[in-house]
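# Descriptive analysis of the structure
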Amino acid sequence: MREGQSKVILRADYQPPAYWIDTVELAFDLDPGKTRVLNRMKVRRNPDVTAQPLRLDGEELNLARVLVNGQGTSFKLEDSQLVLENLPEGHEPFDLEIFTTCAPAKNTKLMGLYVSNDSFFTQCEAEGFRRITYFLDRPDVMASYTVTLRADKARYPVLLSNGNLVEQGALEDGRHFAKWVDPFRKPSYLFALVAGQLVCREQRIAARNGKEHLLQVYVRPGDLDKTEHAMNSLMASVAWDEARFKLPLDLERFMIVATSDFNMGAMENKGLNIFNTKYVLANQATATDTDYSNIESVVGHEYFHNWTGNRVTCRDWFQLSLKEGLTVFRDQEFSQDLAGADSARAVKRIEDVRVLRTAQFPEDAGPMAHPVRPDQYLEINNFYTVTVYEKGAEVVRMMQTLVGREGFAKGMSLYFERHDGHAVTCDDFVQAIADANPESPLAQKLDQFKRWYSQAGTPRLKAAGHFDPVSGIYSLALSQSCAPTPGQAEKLPFVIPIALGLLDANGNELTTGMHVLTDATETLTFPGLTAAPVPSLLRGFSAPVVLDYLYTDTELLTLLAHDADPFNRWEAGQRLATQRALGHIRNESVAPADIRLDHAFIEAMRVILRSDKLDAAFKELVLTLPAETYIAEQLDVVDPQRIHAVREAMREQLAQALFSDWAWAFEAHSENGAYSPDAVSSGRRALAGLALTHLCLAARSSGDSVWPGKALQRFKDASNMTDRFNALAALVTSGHALAAQALQRFHAMFKDEALVLDKWFALQAGAPDRGGNILPVVKQLMNHADFTLRNPNRARSVIFSYCSGNPGAFHRADAAGYVYWSDRVIELDTVNPQVAARLARALDRWKKLAEPLRGAAREAIARVAAKPDLSNDVREVVSRALA
Ligand code: 0A1
Ligand code: ZN
């Protein structure tokens, strides 16, 4: 199993490459069993580095021939590297020709060249190119690529690679060829090829300067009717990047290709983006509103990488957030801009913060915590994390906050002026933004700001207010701290932009502003007040920190009802709910079934639900209780089953207490007009779905069958997947007897739609546990004819939905969930280590678990760790967990 290097790589060890590769000519004879790859490079010594042998990376390759300037040469194979010692002296370029073969059909790791549904695809980021040919497989080696593909014409009629198609034609024996030239130099991780039976939707567009471009979305025959939304999203992305950042499309042709076997979401290969089908295919019958909005943001994300990632790339993989944090920030802004109205923008912001707090905050507090720019890794694939992506995006967002929107756009222009065509560092990016805004607080505190890149952990911001009625002065004492993380015991203060406002007791805004906290403690004073105000802090979530302020219920109810900042309005509701959940969880003398929610909370929720001023999408967010994983993070010792039971009990109470309001909400938001995935319509469907779930939950305790019956009817009649799936989920979540027939019917309706079947599997594996029934269901699902471990989407739909998405069912007192987990990690590791390592992280937070869960979890991790021949991917995760 073990392949390649198995030592820790340190950021501090970075050395420029000893050689440059200027051009690469690749010729492929594509065959699933044995593909032949001829690689002809122009190589030269790097004059800035002392002479040394050329060490090319390679993995699972069969080497047939190496020629230097057309002559055979001596070579060694050492630790997955091809070492060439007798190379021409001097700094003139020389020809290096390497002929290898590989076996794409046997490639279950889905890295390098692989086969999916009888088509060929590649995935080269981060270190997949070395599985195609020997190369200096590092992002700072940028070359010009010419690629010739040869394959059987009937079986592989479409042959694609990066850049422009310059030649194509027939060959002997029913084969054909296509030759592609990429006009831009690029690192090897952006190389791609695709060959297979594919069809495409095409669109010609004219850019602002009048230049024509061809956009194409390639899918399997039969899926063409699911490509309209992806194409619309791509066109919107091109227009947005030109309008917001003056960044045009630099290619004549831009292609997206969908594959059902893919480890991640999508990949930004130059001019030839390869996507997981999940982020391309959508029509109203098969995709939910969430799918539509994910497609929009992933298409945007990959397209925006063309500038932030491809034109300017990373010097080394420690700089990953240079492209990922920035590109996530850009896709978030894109989705907000497309959403339109301020309230719809706020909904998107809340959704993004929810992801950060439920996934990234736990990562930052656990054994895999690492800075946005990590200092070391064993396996780089393990660092495609929510910290590098989502926290990295928050860091970029803070820069925009500190220099203003225009200042940020100016900084971006300077960044491209300085670094276009180069491989650079996170420091280079921050420097450009600061240099374009010399008067800004960012430039003034530049070195301190950069701690966001070097220090791991989520800072805590403490705030306490004091009003002096005599002087009329309100003082707000602020302090910041950050807990130790692996390898970082002490933290220095961060630069924390705090957007804030003060409200009076009636909710009128008294003042608003922005304070940039740089010291460990500071006190702000606000004179001229007549009474203690209610502080609205960290508006719009202006920094990725935990805010500790001991809000009273009265203050929170004021903010929930009146705050001009919609984010903090939502946040106030979440705090009210979290405080109640934590109180009930801690008070073990009351069984979850006997929990009673107070009148004030219920009435506040009713007012929001019934408001004629608020959008449905916003109401849905307020009325959704904080996630179990979020609640768990607020506790020192975690009993996931109790958290689940308390949250469920709170939901049932809200269901009953607001019964007629939910019924109203369902009816009022259930019109059956033409389907459109826009923010307003999808918000209405989301609220109707939440209402239906609560109505079915209420029926559960009352024994009433009217609403489950209505849910079944809606499930049958729905004209789109969102409504159909929400109705199915309402039946499954409430555990109603009608769920079984609905599930069966759903499977029969969509048995040929892989992405819909993924939803079907995920819904069952993620359903609320009732008496330990979910693990047996999960095991049964794995025996289903439609289940396969080899397809990452399918594996995730069952195994991850259970182990990571269903804490109440997974953390069983009998440890059977953990045994199941360790078996799956070990099994998956032999097929696809990247996917296995993601699963391995399901027990990251084991140290917080209450006994006996804690001990059992540790044992399960140790069991995985004891397995000989683990991949680097899994070994790194489990050894960090046990450290
Ligand atoms: N750069 C891609 C993410 C990505 C990373 C690795 C992959 O294969 C192992 C695939 C995609 C993005 O940010 O979209
Ligand atoms: Zn990305």
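Residues numbered from 1 in each chain as written. Chains lettered and ligands numbered in written order. Predicted model: local features only at pLDDT ≥ 70, side-chain atom pairs only at ≥ 80, totals over all residues. Heavy atoms only, no water.

On to the overall build of the chain, then. Across its full length, the chain holds 28 helices and 32 strands. A compact globule built from 883 residues would reach a C-alpha radius of gyration of about 29 Å, and the chain, at 28 Å, matches this within 12%. In terms of overall dimensions, the chain has C-alpha extents of about 85 × 65 × 60 Å along its principal axes. Relative to its full complement of 883 residues, the chain shows a buried share of 61%. Considering only residue pairs separated by 6 or more positions, the chain has 70% of its internal contacts joining residues 24 or more positions apart. (Helix = DSSP H or I, 4+ residues; strand = E, 2+ residues; numbered from the N terminus. Rg over C-alpha atoms; globule rule 2.2 N^0.38 Å. Buried < 20%, exposed > 50% of the residue type's maximum accessible area, 1.4 Å probe, protein only. Contact = heavy atoms within 4.5 Å.)

Time to look at the pairing of strand 27 (residues 473-481). Bridging between strand 26 (residues 460-468) and strand 27 involves nine bridges; their strand directions are antiparallel. Its bridge partner lying in strand 27, Leu461 is registered against Gln480. Hairpin remark: strand 26 followed by strand 27, antiparallel, with four residues in the connecting loop; positive phi at Gly472, about 75 degrees. Pairing of strand 27 with strand 30 (residues 521-526), which is carried by six bridges, proceeds in the antiparallel orientation. Considered in strand 30, the bridge of Ala477 is made with Thr523. (Pairing = 2+ DSSP bridges.)

So, about the site of ligand 1. As a structural note, the neighbourhood of ligand 1 is formed by 15 residues, with Glu125, Glu268, Glu302, Glu324 and Tyr389 the closest of them. Separating an oxygen atom of ligand 1 from a backbone N or O atom of Ala266 is a distance of 3.1 Å. One of the side-chain nitrogen or oxygen atoms of His305 is found 3.5 Å away from an oxygen atom of ligand 1. Protein coverage of the free-state accessible area of ligand 1, which is 360 Å², stands at 97%. (Near = heavy atom within 4 Å. Polar contact = N/O pair within 3.5 Å; in protein donor to acceptor, adjacent residues only side chain to side chain. Areas by Shrake-Rupley, 256 points an atom, 1.4 Å probe, with all protein chains shown as cover.)

Before going further, it helps to examine the coordination of the zinc ion (ligand 2). With distances of 1.9 to 2.0 Å, the protein atoms coordinating the zinc ion (ligand 2) are His301 (NE2), His305 (NE2) and Glu324 (OE). One way to put it: the four donor atoms around the zinc ion (ligand 2) meet at angles of 98 to 126 degrees, and that makes the site tetrahedral. Each donor residue of the zinc ion (ligand 2) belongs to the same chain, and together they define the spacing H-x3-H-x18-E. The exposure class of His305 is buried, given its relative accessible area of 0%. (Donors = N, O, S within 2.8 Å, 3.2 Å for Na, K, Ca; no water. Tetrahedral: all angles 85-135°; square planar, octahedral: opposite > 155°, others 65-115°.)

Inspection of the secondary structure puts Tyr218 in strand 19 (residues 212-219). Accessibility expressed as a relative area gives 7% for Tyr218, which makes it buried. Between the C-alpha atom of Tyr218 and that of Val158, which follows or precedes it by 60 residues, the distance is 9.7 Å. Setting aside residues no more than four positions away along its own chain, Tyr218 makes contact with Val158, Leu160, Leu198, Val199, Cys200, Arg253, Met255, Ile256, Val257 and Ala258.

A few words now on the nonpolar core. Leu96, Phe408, Phe429, Ile799 and Trp821 are the most contacted members of the largest nonpolar core, which totals 284 residues. Looking at this core element by element, the count peaks at 14 residues for helix 5 (residues 386-419). Filtering out sequence-adjacent residues up to four positions away, Ile799 remains in contact with Met782, Phe787, Leu789, Ser804, Tyr820, Arg824 and Leu839. (Core = buried A, V, L, I, M, F, W, Y, C linked by side-chain atoms within 4.5 Å.)

What the rule picks out here adds up to 40 aromatic pairs. With a centroid separation of 5.3 Å and an interplanar angle of 65 degrees, the aromatic rings of Phe129 and Phe191 are classed as edge-to-face. Remark: Phe191 occurs in the loop between strand 16 (186-187) and strand 17 (193-196) and Phe129 occurs in the loop between strand 11 (119-123) and strand 12 (142-152); sequence separation between them is 62 residues. Here Phe129 and Phe191 have matching classes, each one buried. One aromatic cluster is present, formed by Trp240, Phe245, Phe254, Tyr303, Phe304, Trp307, Phe329, Phe334, Phe408, Tyr415, Phe416 and Phe429 through successive ring pairs. The ring of Trp707 has Lys710 lying over it, and the distance from NZ or CZ to the ring centre is 4.2 Å. (Phe/Tyr/Trp six-rings, centres within 6.5 Å; stacked < 30°, edge-to-face > 60°. Lys NZ or Arg CZ within 6 Å of the ring centre and 35° of its normal.)

Considered for burial, the residues of helix 6 (residues 426-435) that qualify are Cys426, Phe429, Val430, Ala432, Ile433 and Ala434. On the buried face of helix 6, the contacting elements are helix 3 (320-339), helix 5, helix 7 (441-444), helix 8 (446-449) and helix 9 (451-454).

Attention now goes to the pattern of salt bridges. Within the structure shown, the criterion is met by 64 salt bridges. With a closest N to O distance of 3.0 Å, Asp137 and Arg130 form a salt bridge. No difference in accessibility class separates Asp137 from Arg130, as the two residues are buried. In this structure, Asp250 and Lys270 form a salt bridge, with 3.0 Å as the shortest nitrogen-oxygen distance. A residue pair is termed long-range when its members are at least 10 positions apart, and Asp250 in the loop between helix 1 (228-245) and strand 20 (253-259) and Lys270 in the loop between strand 21 (266-267) and strand 22 (272-276) qualify at 20 residues. Using a relative accessible area of 3% as the deciding quantity, one classes Lys270 as buried. Residues participating in the shared-partner salt-bridge network are Arg244, Glu333, Asp337, Arg345 and Arg397. (Salt bridge = Lys/Arg side-chain N within 4 Å of Asp/Glu carboxyl O.)

This part covers the confidence of the model for the chain. Taken residue by residue, the chain gives an average pLDDT of 97. The fraction at 70 or more is 99%. Reported confidences for the modelled complex are a pTM of 0.99 and an ipTM of 0.98. (pLDDT = per-residue confidence, 0-100.)

Moving on: the sheet that holds strand 29 (residues 509-517). With antiparallel pairing, three strands are arranged side by side in an open sheet as 29-28-31. The strands lining the two open edges of the sheet, one partner per strand, are strand 29 and strand 31 (534-537). Strand-to-strand twist across the sheet, computed as the mean angle between neighbouring axes with direction ignored, equals 20 degrees. Taken together, the eight bridges between strand 28 (residues 496-503) and strand 29 define a ladder with antiparallel strand orientation. Paired with Ala499 across the strands is Met514, a residue of strand 29. (Axes fitted to C-alpha atoms, helices over the stretch in contact; angles between N-to-C directions.)

Moving on, we get to the side chain of Lys759. Along the chain, the position of Lys759 falls in helix 21 (residues 754-765). When residues no more than four places from it in sequence are discounted, the contact partners of Lys759 are Thr286, Thr288, Asp291, Met721 and Phe725.

Moving on: unusual backbone geometry. Apart from glycine, the bulk of residues carry a negative phi angle, and the bulk of peptide bonds sit in the trans form. Here Glu125 and Ala126 are connected by a cis peptide whose omega angle stands at -5 degrees. Considering the arrangement of structural elements, one finds Ala126 in the loop between strand 11 and strand 12. The phi angle at Asn69 is positive, at roughly 50 degrees, despite the residue not being glycine. On the secondary structure map, Asn69 appears in the loop between strand 5 (62-68) and strand 6 (71-72). Residue class for Asn69 comes out partly exposed when judged on its relative accessible area of 42%. Phi is positive for Ala815, which is not a glycine, with a value near 65 degrees. Turning to its location among the elements, Ala815 is positioned in the loop between helix 24 (807-810) and helix 25 (816-831).

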